[in-house]
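Each chain, written out:
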Amino acid sequence: MSTAIGTEAPTFTLPDTDGAEHGVGGNELTPATLVVFTCNHCPYALAWHDRIVAVAEDYPDVKVLAVSSNDAERYPRDSFDAMRDRVAGDGGWPMPYLYDESQEVARAYDAKTTPDCFVIDSDGRVAYRGAPDADHQDPSLNAAWLRDALDAVLAGEEPAQAETEPVGCSIKWKQ
Amino acid sequence: MTQPRVELLYWDGCPSHPQALEELRAAMAELGLAPDQVLVREVDTEQGADRERFVGSPTIRIDGADVQDPGDEPTALTCRVYHRRDGRVSPVPDPADVRDAIRNAMTTRSHQ
């Protein structure tokens, strides 16, 4: 598997906090998919979270999937129970929050950080990979890199900027 | 008055410590302290985190007092969650909190 721009995105299915299955692949026709590796405990993921939520709300045609892959044993704030509590405490999210307990999906995508964002086009190919925008500390940036990539993919074009450096906490791999 | 002991503890798995160190040094310079006197120490094992009572990176202590009370946070090799004065979540402390912590330490020392 590879996550190089233009290559086929790894397919997967994972449970969300309600137990429903979601994923990438299959016969579903989706104009664009956004996979965001994120978590509960990382300040970068938390700082960008509202911007990711806004993207999910502003792009109803885009399938947005939040995925948590961290080792919950060493980082209990990223446990499945903690994920459920967070979504419930927020009154629900506009996207499913998926638990990648085996970390296979994070490995397949070669996810580096939380957050790490992948935009997938209607042909199932990776069109963008990286950060939501240039600064986790500046909400006014409004996930501009992500929105530009989604706008391009929805228009049937390639994003002008297909790759940026993901910034955040490292994925916490099982030891 | 001697300069307060200023420490920055970090874990290299979190990318926030260069920004924290830069902002800490700027605060020290602003308050008339020598910015190169920061004691910078890496915490790189879970045992070390326990020993240092390190709840995340970066941790800044002025005369042993954390610039933001960690409360009952468990020790861990992780990025630390701070809250800025405007309520935003941040991987580094609010520079105003850092300045206040340094000022408090300087005031305490001036009364000793």
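As a starting point, this report considers the structure included with it. Values in this document were obtained by computation on a predicted structure and should not be read as measured data.

Calculation rules
- Residues numbered from 1 in each chain as written.
- Chains lettered and ligands numbered in written order.
- Predicted model: local features only at pLDDT ≥ 70, side-chain atom pairs only at ≥ 80, totals over all residues.
- Helix = DSSP H or I, 4+ residues; strand = E, 2+ residues; numbered from the N terminus.
- Rg over C-alpha atoms; globule rule 2.2 N^0.38 Å.
- Contact = placed C-beta atoms within 7 Å.
- Expected span 1.5 Å × (residues − 1).
- Buried ≥ 20, exposed ≤ 12 C-beta atoms within 10 Å, placed from the backbone.
- Arc of directions from axis to C-beta.
- Pairing = 2+ DSSP bridges.
- Axes fitted to C-alpha atoms, helices over the stretch in contact; angles between N-to-C directions.

**Topic: the overall build of chain A**
Here is step 1: Each helix and strand counted, chain A has four helices and nine strands in total.
Here is step 2: Along chain A, helices and strands appear, N-terminal first, in the series β-β-β-α-β-α-β-α-β-β-β-α-β.
Here is step 3: In summary, chain A has a C-alpha radius of gyration of 15 Å against a globular reference of 16 Å for 175 residues, a match within 12%.
Here is step 4: Summarising its shape, the C-alpha atoms of chain A cover approximately 40 × 35 × 30 Å along the three principal directions.
Here is step 5: Considering only contacts in chain A between residues 6 or more positions apart, those separated by 24 or more positions represent 74%.

**Some details on the environment of Glu8(A)**
Here is step 1: Locating Glu8(A) in the fold gives a position in the segment before strand 1 (12–15).
Here is step 2: Sequence separation of Glu8(A) and Asp121(A) is 113 residues, and the distance between their C-alpha atoms is 9.5 Å.

**Digging into the interface of chain A and chain B**
Where the parts come together, the accessible area they lose is often given as the size of the interface.
Here is step 1: With eleven residues of chain A in contact, the opposing surface of chain B contributes twelve residues.
Here is step 2: Mapped onto the side of chain A that touches chain B, the elements with two or more residues apiece are helix 1 (43–58) and strand 9 (169–170) of chain A.

**A look at helix 3 (residues 95–110) of chain B**
All names here are of chain B.
Here is step 1: With 16 residues, helix 3 should cover 22 Å at 1.5 Å per step; its first-to-last C-alpha distance of 22 Å lies within 8% of that length.
Here is step 2: By the burial criterion, the buried members of helix 3 are Val98, Ala101, Ile102 and Ala105. Taken end-on, helix 3 shows its buried residues confined to a sector of 95°, consistent with a single buried face. Exposed and facing more than 90 degrees away from the buried side of helix 3 are Ala96, Thr107 and Ser110.
Here is step 3: On the buried face of helix 3, the contacting elements are helix 1 (17–30), strand 3 (59–62) and strand 4 (65–66).

**A closer look at the sheet that holds strand 2 (residues 39–42) of chain B**
Residues and elements named next belong to chain B.
Here is step 1: Overall, mixed pairing links the four strands, which are arranged 2-1-3-4 in an open sheet. Edge positions in the sheet fall to strand 2 and strand 4, since each has one partner strand and no second.
Here is step 2: In this structure, strand 1 (residues 6–10) lies alongside strand 2, joined through four bridges in parallel fashion. Residue Leu8 lies in a different strand from strand 2, and its bridge partner there is Val40.
Here is step 3: Packed on one face of the sheet, helix 1 meets strand 1, strand 2 and strand 3 and runs near 170° to strand 1.

**What about helix 4 (residues 144–154) of chain A?**
Residue and element names in this part refer to chain A.
Here is step 1: Turning to helix 4, its buried residues are Trp145, Leu146, Ala149, Leu150, Ala152 and Val153. Take helix 4 and look down its axis: the buried residues cluster within an arc of 160°, on one side only.
Here is step 2: On the buried face of helix 4, the contacting elements are strand 3 (32–38), helix 1, strand 4 (62–68), strand 7 (116–121) and strand 8 (126–130).
Here is step 3: Phi for Gly156, located one or two positions after helix 4, is positive at around 75°.

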